[in-house]
Amino acid sequence: MRVLHVTEALGGGLQSAIVNYARVTPDLEHRVFSRVREGQSTHEWPEGVQATTYSGGLPGFYRAVNRAVRRIRPDVVHLHSSFAGVARGFLPPGTRIVYSPHCFAFERTDVPSAVRLGFGALEYALARRPQTTLSVSPHEALLSRSLSRGNPVVVAPNPSPLAPADEAPPSQSDDALTVTMVGRLGAQKAPEVFAEVAHLCQDDGIRFTWIGDGPAGVPEMLRASGAAVTGWRPPEEVRELLTRSNLYLHTASWEGGPVSAIEAATLGVPVISRTIPSMRSLGYATAGGSAPELAGAVRRFARDLEYRRHVEARTAAVRRRCSTQRLEEGLRSAYAIAAAR
């Protein structure tokens, strides 16, 4: 089977997810057509994956996707992200589609409600076309089914891109608690909330580190709060920084199924998340939506052994559920359903 993966924003967790898909189904022919986010490459492509990049605006990208599909003639076109999902309106008739929103655009909280309604209306219209949705969380699956009751939905949470041999518990240290977050310093990840938590905990001897980068001014805002910002780092260095962490604090305002959080969990780092629907549906320990609530949870994690064990147990349960085996089963199921339609 030949699968063409399409995304308009390759990088970060989305690239990690596509790498995972290729790794768990090495018998399939995987090709990638994408627009790249410079500086956010997270992983090398597995052997055999053929990748092509496009530079230009979205209208030209959608036309290029149509041409690529006609040229490559894939058995399945796998669209990744809401903006790549718009290509559903441009694909040739008869194209067998698998769609992975990786968090619907209408869940964004950084745009006016009218824009969110517009995103929702567009998703509803595009869902009229035959397709199979591969959702990364039960919450995303629920939204997918509400958009189109006639199209099948398969749930396959993102596992860590780490191979089993790479997995290791975090190093033990008698130093102060170290709290980490990974991602692009953009509105989705809410770095301002992470900064406020760091500021509120500045007298508790707790260290905060953000692994990633973003627009000018945002790293400086974090550093002013007392948090360290590493900039983008190679995957192996990110893992090393994570293994030296005691806690992963996920502050995002909206999410699909973040690879960074499950990677931390796979390395044995307990995860506390801001309370948002997708993270709750995946089973992570959540601690409210505000910075004071999250700061209280961080302090409690540092001082309350029973609470720490609770967070560790919830993280371990997520790690078991978000397995490469479950991803492979879901992926093969989605491709088989799409190919048969």
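These notes cover the structure that comes with them.

Here is what the cut-offs are and how they apply
- Residues numbered from 1 in each chain as written.
- Predicted model: local features only at pLDDT ≥ 70, side-chain atom pairs only at ≥ 80, totals over all residues.
- Heavy atoms only, no water.
- Core = buried A, V, L, I, M, F, W, Y, C linked by side-chain atoms within 4.5 Å.
- Buried < 20%, exposed > 50% of the residue type's maximum accessible area, 1.4 Å probe, protein only.
- Helix = DSSP H or I, 4+ residues; strand = E, 2+ residues; numbered from the N terminus.
- Contact = heavy atoms within 4.5 Å.
- Pairing = 2+ DSSP bridges.
- Axes fitted to C-alpha atoms, helices over the stretch in contact; angles between N-to-C directions.
- Phe/Tyr/Trp six-rings, centres within 6.5 Å; stacked < 30°, edge-to-face > 60°.
- Lys NZ or Arg CZ within 6 Å of the ring centre and 35° of its normal.

### As for the nonpolar core
Step number 1: Within the largest apolar cluster, 50 residues are counted, with the highest numbers of intra-cluster contacts made by Val179, Phe194, Val197, Phe208, Tyr248, Ile272 and Val298.
Step number 2: Here the element with the most residues in this core is helix 11 (residues 291-303); it accounts for six residues.
Step number 3: Each residue touching phenylalanine 194, except ones within four places of it in the same chain, is listed here: Val179, Thr180, Met181, Phe208, Thr209, Trp210, Leu222, Ala227, Leu249 and Thr251.
Step number 4: Within the second largest apolar cluster, 26 residues are counted, among which are Val6, Ala64, Val65 and Val77.

### Let's talk about the sheet that holds strand 6 (residues 132-135)
Step number 1: Read from one edge to the other, the open sheet built from seven strands follows the order 3-2-1-4-5-6-7, with strand pairing classed as parallel. Only two strands of the sheet have a single neighbouring strand rather than two, namely strand 3 (50-53) and strand 7 (153-155). Across this sheet, the average inter-strand angle for adjacent strands is 20°, counted without regard to direction.
Step number 2: As judged from the seven bridges shared by strand 1 (residues 2-10) and strand 2 (residues 29-36), these two strands associate in the parallel manner. Across the sheet, valine 6 pairs through a bridge with phenylalanine 33, a residue of strand 2.

### Here we look at the packing of aromatic side chains
Step number 1: Tallied over the full model, the rule gives ten aromatic pairs.
Step number 2: Pairing tyrosine 54 with phenylalanine 61 gives two aromatic rings, centres 6.0 Å apart and planes at 55°, and the pair type is tilted.
Step number 3: Taking the centre distance of 5.0 Å and the plane angle of 10° together, the rings of tyrosine 62 and phenylalanine 90 count as stacked. In this pair, tyrosine 62 sits in helix 2 (residues 58-72) while phenylalanine 90 sits in the loop between helix 3 (82-85) and strand 5 (97-100), placing the two residues 28 residues apart along the sequence.
Step number 4: Judged by its relative accessible area of 39%, phenylalanine 90 falls in the partly exposed class.
Step number 5: Ring-pair connections join several aromatic residues into one group, and the members of that group are Phe33, Tyr54, Phe61, Tyr62 and Phe90.
Step number 6: One cation-aromatic arrangement involves arginine 88 over tyrosine 99; the distance from NZ or CZ to the ring centre is 3.8 Å.
Step number 7: The residue whose ring lies beneath arginine 128 is tyrosine 124, and the NZ or CZ to ring-centre distance is 3.9 Å.

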